[in-house]
Amino acid sequence: MILIWQARKSVIILQKIEWYENRKVTKRIDYHGPSLSIPIFKGLKYKVGSISPRSITKDEIKLIDNGQLYITNNKVIFVGSIGNKSISISKLLFIESIEKWCCIKKRHWNITNN
């Protein structure tokens, strides 16, 4: 960890960071339940039973990229090997430290003043 302090700006640089995100993963499961196949003639079969495919969707935490994390007064910046991400501090809900993990939660909606 590298800490840089100036008059009104501060930067924290964290190296060897792994960026994970929650992702929905859908797995397809084919042909559940009992079924029966009746041969009609050569090359043609009549299938009976519950043979419709189904899918299971669940949330998983997936590794997105590796790189460095810069935390400034205004932004959280991730510079990775695949791509870069930048989050404004004003869009963050919270930053939480759990053992050797850091959880950053941002807003997914726009708030407007009327």
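Residues numbered from 1 in each chain as written. Predicted model: local features only at pLDDT ≥ 70, side-chain atom pairs only at ≥ 80, totals over all residues. Heavy atoms only, no water.

Draft legend 1. The arrangement of the side chain of D65 in detail. Structurally, D65 is set in strand β5 (residues 54–71). Buried and without a salt bridge, D65 has K85 as its closest oppositely charged side chain, separated by 7.8 Å. The contact partners of D65, leaving out residues within four places of it in the chain, are I17, E18, W19, F78, G80, S81, I82 and G83. (Helix = DSSP H or I, 4+ residues; strand = E, 2+ residues; numbered from the N terminus. Buried < 20%, exposed > 50% of the residue type's maximum accessible area, 1.4 Å probe, protein only. Lys, Arg positive; Asp, Glu negative; His and termini not counted. Salt bridge = Lys/Arg side-chain N within 4 Å of Asp/Glu carboxyl O. Contact = heavy atoms within 4.5 Å.)

Draft legend 2. Highlighting the environment of T26. Within the secondary structure, T26 is located in strand β2 (residues 10–29). Between the C-alpha atoms of T26 and K58, which are 32 residues apart in sequence, the distance is 6.6 Å. When sequence neighbours within four positions are dropped, the list of residues in contact with T26 reads S55, I56 and T57. At a separation of 3.2 Å, a polar atom in the side chain of T26 contacts the side chain of T57. (Polar contact = N/O pair within 3.5 Å; in protein donor to acceptor, adjacent residues only side chain to side chain.)

Draft legend 3. Representation of the pairing of strand β7 (residues 84–88) in the model. Strand direction decides the pairing type here: strand β6 (residues 75–80) and β7, joined by five bridges, are antiparallel. In the strand pairing of β7, F78 is matched with K85. The antiparallel hairpin formed by β6 and β7 contains three residues in its connecting segment. (Pairing = 2+ DSSP bridges.)

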